[in-house]
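Each chain, letter by letter, is given below.
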Amino acid sequence: MESSSAYGNDLNLKATELRLGLPGTTDEETAAPGVRNNKRPLQAEDAGEKCGANGKSEPQNETAPPSKAQIVGWPPVQSYRKNNLQAKKTESEPGLYVKVSMDGAPYLRKIDLRVYKGYPELLQALENMFKFTVGEYSEREGYKGSEYAPTYEDKDGDWMLVGDVPWQMFITSCKRLRIMKGSEARGLGCGV
Amino acid sequence: MNYFPDEVLEHVFDFITSHKDRNSVSLVCKSWYKIEKYSRQRVFIGNCYSISPERLIARFPGLKSLTLKGKPHFADFNLVPDDWGGFLYPWIKAMARSRIGLEELRLKRMVVSDESLELLSKSFPNFKSLVLVSCEGFTTDGLAAVAANCRLLRELDLQENEVEDHRGHWLSCFPENCTSLVLLNFACLKGEINLASLERLVARSPNLKSLRLNRAVPFDTLQRLLMRAPQLVDLGTGSYVHDPYSEAYNKLKAAIQSCNSIRSLSGFLEVAPRCMSAVYPVCENLTFLNLSYAAGLQSIELTKLIQYCRKLQRLWILDCIGDKGLGVVASTCKELQELRVFPSDPFDAGNAAVTEEGLVLVSAGCPKLNSLLYFCQQMTNAALITVAKNCTNFIRFRLCILDPIKPDPVTNQPLDEGFGAIVRSCKGLKRLSLSGLLTDQVFYYIGMHAKQLEMLSIAFAGDSDKGMLYVLNGCKKLRKLEIRDCPFGDAALLEDMGKYETMRSLWMSSCEVTLGACKTLAKKMPSLNVEIINESEQTEFNLEDRQKVDKMYLYRTVVGHRKDAPEFVWLL
């Protein structure tokens, strides 16, 4: 009958020893070659390696920090769930909230830029929020037909007209919004 | 000795619905066997390799509803290579050929090809219900065939499958005169959906009770769908992102308020937190809430929502809810029976947001709790003992401490006593998953007290064969045992070989079992299939008997070796 001892011929009391060490910090030199110590999760798992393949003992001296070691199949989360949650984590980041001020309004508002698909939705939302109309946008003349102009402060601290750059570039560079009114607004556009 | 004509007995048997009871009925005498055989409509097969399609059809020619499970449970965690098996096609082929009047098919962890879906759709004119859970191997083309050909389709339920999306218009394949849909769940599909077809389909399905959308269905479509289906009982939203100050948002609020039958809510695969207030009116009647994929919601939004859910019975949530959030659950959801807390970041144990404290709070506040799946950063014996005192009704208790073999952080002891308290207190426990630092002692307790236990999952636990033997000897009702990375070896495996005939299956991977012992077992027990999964280059002949096997899966069967095993699976 095969020996039921996991560790070859010696008693190897270390197997039942309760230790305070983190998983993976071991003094494995005493383990017999060809024997795996199943109590310790394997270290520094590469994407392609499988746990304990071939029954050979992996060299256990160089270790990544144990908490970052990835054991195949651990934690026991369904792979469908793992794949779908991680994808979501990168896509549904917390909202991009920016302050919106309107000249003459007593207090500011905040909106989440990520909920809008593009400029039309954003401008519609601003119009609803502050009860004004924004006029028609053209590259040459800015917003025509209204005394308001939507502007934003970009990463460099400059005040820019909303609508000039592609949407994705806009939401990553916009720090705050300001709806300018009156003569200041007209000064931004090329037309009067 | 039959005092009644067959039709009367048959009528009586109609009232006997549980599989176990019907199995017992068929053992009473020959004529009961015969009547039961021809009147049996629902069959459950927990391991598709335990019997063959032909034997099934011969045994139950009146089969209408079939449940089949394929791969072992640990396949969910990438421990079973692709192509291991579990193919649907042979079953469909055999049933089609024998003119079985199949109406319902429920599959779990099976490989389902488009070909099999197509054959299914064309072979069974009364087919009504298709439920696929954790399956793979099919594309939206297969779904198109089902949609187009199953004229009486009532349920199409796709739960967490890996589906290759060919962006075909499978939804448009439902014919215009198909009005029978009751359940439509395509939340797991990744691709675009023909929104107009979806709206038309929902509009012409007056019996639709359950609708779960995928991420491609935007907010405004959701609003229109709800307007057309205010009778919905179960809703899974797709993308839930919109400007909360817009007209569309107000419309959705109004639409949701007219849906006063909704009892089950899920989805929020993409979510703008500020839009959640629209669902508050639905919360007070909810019995099931699944936010386990709503990675965009933080603890504060989750707790705000849960505060309205006073009638909740089942809650699936991410661990970002935190211990405090679980406290809100404990004080609000007095009817709670099932709680599942999933890790929002499975690989970074340090960030896990729930500990033993959250679990203790829930156990104290929710006395009806009977089913638990809890991923946490740490657990203490004291907490488990308290939980055992508070909740004696557990049927399912699955605890996963993210850092394996972690001891009780307060006492640095193994968690033997804590789990011991659970099995001692919860006399009806049927399913148990262990984690943390554990010695043979916990298995002693399990063998001694867990007399109703049917399924046990063990990882990185125990000291010696004694552990496994305590379980095999003590748990008389054990059906499924799955073990990974434990020091259990040949002595434990071979001590009571007859035991495995009373079980569905045994999985052992990265343990101390040798090839020789597996061969011995296979030779002595012809009623078992002993399979070795070997992913190295060594062949069966190079590996010596005394070498350890990496993965062993054995199961009872009445049809011997399967014919579809791939090269890396050795059938001993």
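Residues numbered from 1 in each chain as written. Chains lettered and ligands numbered in written order. Predicted model: local features only at pLDDT ≥ 70, side-chain atom pairs only at ≥ 80, totals over all residues. Heavy atoms only, no water.

### Notes on the packing of helix α8 (residues 195–203) of chain B against helix α9 (residues 219–228) of chain B
Residues and elements named next belong to chain B.
Piece 1. Running from N to C, α8 and α9 point in directions that differ by 15 degrees, and their axes come no closer than 9 Å. As judged from the angle between their axes, α8 and α9 are roughly parallel. The two elements α8 and α9 cross, and the hand of that crossing is right-handed. Between α8, through L195, L198, E199, V202 and A203, and α9, the contact on the second element is made entirely by T221, R224, L225 and R228.
Piece 2. Considered class by class, the residues forming the contact of α8 with α9 number 5 nonpolar, 1 polar and 3 charged. (Axes fitted to C-alpha atoms, helices over the stretch in contact; angles between N-to-C directions. Helix = DSSP H or I, 4+ residues; strand = E, 2+ residues; numbered from the N terminus. Parallel < 35°, antiparallel > 145°, perpendicular 65-115°, else oblique. Left-handed = near helix turned anticlockwise from the far one by under 90°. Contact = heavy atoms within 4.5 Å. Nonpolar A, V, L, I, M, F, W, Y, C, P; charged D, E, K, R; others polar.)

### Some words on the UniProt feature "domain: F-box" (unreviewed entry) in chain B
Piece 1. The feature "domain: F-box" (unreviewed entry), as given by UniProt, occupies residues 4–45 of chain B in the numbering adopted here.
Piece 2. Within the segment residues 4–45 of chain B, helix and strand shares are 60% and 10% respectively, and the terminal C-alpha atoms sit 31 Å apart. (UniProt positions renumbered as here; feature names shortened; annotations may be inferred.)

### Quick notes on the sheet that holds strand β1 (residues 97–102) of chain A
Residues and elements named next belong to chain A.
Piece 1. Read across the sheet, 5 strands follow the order β2-β1-β7-β5-β6 without closing on themselves; strand pairing throughout is mixed. At either margin of the open sheet sits one strand with a lone partner, and together these are β2 (109–112) and β6 (159–161). Going from strand to strand, the sheet's axes swing by 35 degrees on average, the running direction of each strand aside.
Piece 2. Here strand β5 (residues 148–153) pairs with β6 via 3 bridges, running antiparallel. Looking across to β6, one finds that T151 is bridged to L161.
Piece 3. Strands in contact with helix α2 (residues 119–130) are β1, β2, β5 and β7 (176–181); relative to β2, the strand with the most contacts, it is inclined by about 155 degrees. (Pairing = 2+ DSSP bridges.)

### Quick word on the packing of aromatic side chains
Piece 1. On inspection of all chains with the given rule, the structure shows 29 aromatic pairs over all chains.
Piece 2. Here the aromatic rings of W74(A) and F460(B) are separated by 5.7 Å at their centres, their planes lie at 90 degrees, and the arrangement is edge-to-face. Pair noted here: W74(A) is in the segment before α1 (79–91) and F460(B) is in the loop between β20 (455–459) and α18 (465–474), and the two residues belong to different chains.
Piece 3. The buried category is assigned to F460(B), whose relative accessible area is 2%.
Piece 4. Pairing Y444(B) with Y470(B) gives two aromatic rings, centres 5.4 Å apart and planes at 80 degrees, and the pair type is edge-to-face. Of this pair, Y444(B) sits in helix α17 (residues 440–449) while Y470(B) sits in helix α18, placing them 26 residues apart in sequence.
Piece 5. Judged by its relative accessible area of 34%, Y444(B) falls in the partly exposed class.
Piece 6. Among the residues examined, Y470(B) registers a relative accessible area of 29% and is labelled partly exposed.
Piece 7. Against the face of Y245(B) rests R109(A), its NZ or CZ located 5.3 Å from the ring centre.
Piece 8. Above the plane of the ring of Y445(B) lies R424(B), whose end atom (NZ or CZ) is 5.1 Å from the centre. (Phe/Tyr/Trp six-rings, centres within 6.5 Å; stacked < 30°, edge-to-face > 60°. Buried < 20%, exposed > 50% of the residue type's maximum accessible area, 1.4 Å probe, protein only. Lys NZ or Arg CZ within 6 Å of the ring centre and 35° of its normal.)

### What about the confidence of the model for chain B?
Piece 1. Of the residues in chain B, 97% have a pLDDT of 70 or more, and the chain-wide mean is 93.
Piece 2. Two numbers describe this predicted complex: its pTM, 0.80, and its ipTM, 0.88. (pLDDT = per-residue confidence, 0-100.)

### Thoughts on the packing of helix α15 (residues 381–390) of chain B against helix α16 (residues 416–425) of chain B
All names here are of chain B.
Piece 1. One can describe the packing of α15 onto α16 by two numbers: an axis separation of 7 Å at closest approach and a directional angle of 5 degrees. Taken together, the axes of α15 and α16 are roughly parallel relative to one another. Seen from α15, the contacting residues are N381, L384, I385, V387 and A388; seen from α16, they are D416, E417, G418, F419, A421, I422 and S425.
Piece 2. Residues belonging to the contact of α15 with α16 are distributed by class as follows: 7 nonpolar, 3 polar and 2 charged.

### Describing the pairing of strand β22 (residues 505–509) of chain B
Residues and elements named next belong to chain B.
Piece 1. Of all 5 residues in β22, 5 are buried, a share of seventy percent or more.
Piece 2. Side chains S505, W507 and S509 project from β22 onto one buried face, and the interleaved L506 and M508 project onto a second face that is buried too.
Piece 3. Inspection of the sheet shows strand β21 (residues 480–484) paired to β22 by 5 bridges, in the parallel sense. Looking at the pairing, R484 lines up with S509 of β22.

### Describing helix α7 (residues 140–149) of chain B
All names here are of chain B.
Piece 1. Extensive coverage of α7 is indicated by the burial of 7 of its 10 residues.
Piece 2. For α7, the set of buried residues is T140, G142, L143, A144, A145, V146 and A147.
Piece 3. By the N-cap criterion, in which a side-chain oxygen at the helix start approaches the backbone nitrogen of a residue two or three places on, α7 is capped by T139, the distance to D141 being 3.0 Å. (Polar contact = N/O pair within 3.5 Å; in protein donor to acceptor, adjacent residues only side chain to side chain.)

### Observations concerning the environment of V77(A)
Piece 1. By the secondary structure assignment, V77(A) is in the segment before α1.
Piece 2. Given a relative accessible area of 3%, V77(A) falls into the buried group.
Piece 3. With sequence-adjacent residues up to four places away left out, V77(A) is seen in contact with K82(A), D76(B), F77(B), P343(B) and F375(B).

### What about helix α6 (residues 114–123) of chain B?
Residue and element names in this part refer to chain B.
Piece 1. Among all positions of α6, only D114, S116, L117, L120 and S121 are buried. Projected down its long axis, α6 shows its buried positions confined to an angular sector of 165 degrees, all on one face. The exposed residues of α6 that point more than 90 degrees off its buried face are E115 and K122.
Piece 2. Where α6 is buried, its residues touch α5 (89–97), β3 (104–108), β4 (129–133), β5 (136–139) and α7. (Arc of directions from axis to C-beta.)

### Topic: the environment of L286(B)
All names here are of chain B.
Piece 1. Examined against the element boundaries, L286 turns out to sit in the loop between α11 (280–283) and β14 (288–290).
Piece 2. Using a relative accessible area of 0% as the deciding quantity, one classes L286 as buried.
Piece 3. If sequence neighbours within four positions are ignored, L286 has contacts with I262, R263, S264, L265, C309, K311 and L312.

### Quick notes on the nonpolar core
Piece 1. If you look at the biggest cluster of nonpolar residues, it comprises 215 residues, and the most contacted ones within it are F170(A), L66(B), Y240(B), F397(B), I446(B) and L493(B).
Piece 2. By residue number, the principal contributor to this core is α2(A), which donates 7 residues.
Piece 3. With near-sequence residues (within four places) excluded, F170(A) lies in contact with L113(A), Y119(A), L122(A), Y152(A), V162(A), V165(A) and L177(A).
Piece 4. Formed by 16 residues, the second largest nonpolar core is a distinct cluster that contains F288(B), C400(B), L402(B) and F460(B). (Core = buried A, V, L, I, M, F, W, Y, C linked by side-chain atoms within 4.5 Å.)

### Some thoughts on unusual backbone geometry
Piece 1. For the bond running from W74(A) to P75(A), omega is -5 degrees, close enough to zero to count as cis.
Piece 2. With respect to the secondary-structure elements, P75(A) resides in the segment before α1.
Piece 3. Despite not being glycine, R109(B) shows a phi value in the positive range, around 50 degrees.
Piece 4. Mapped onto the elements of the fold, R109(B) is located in the loop between β3 and α6.

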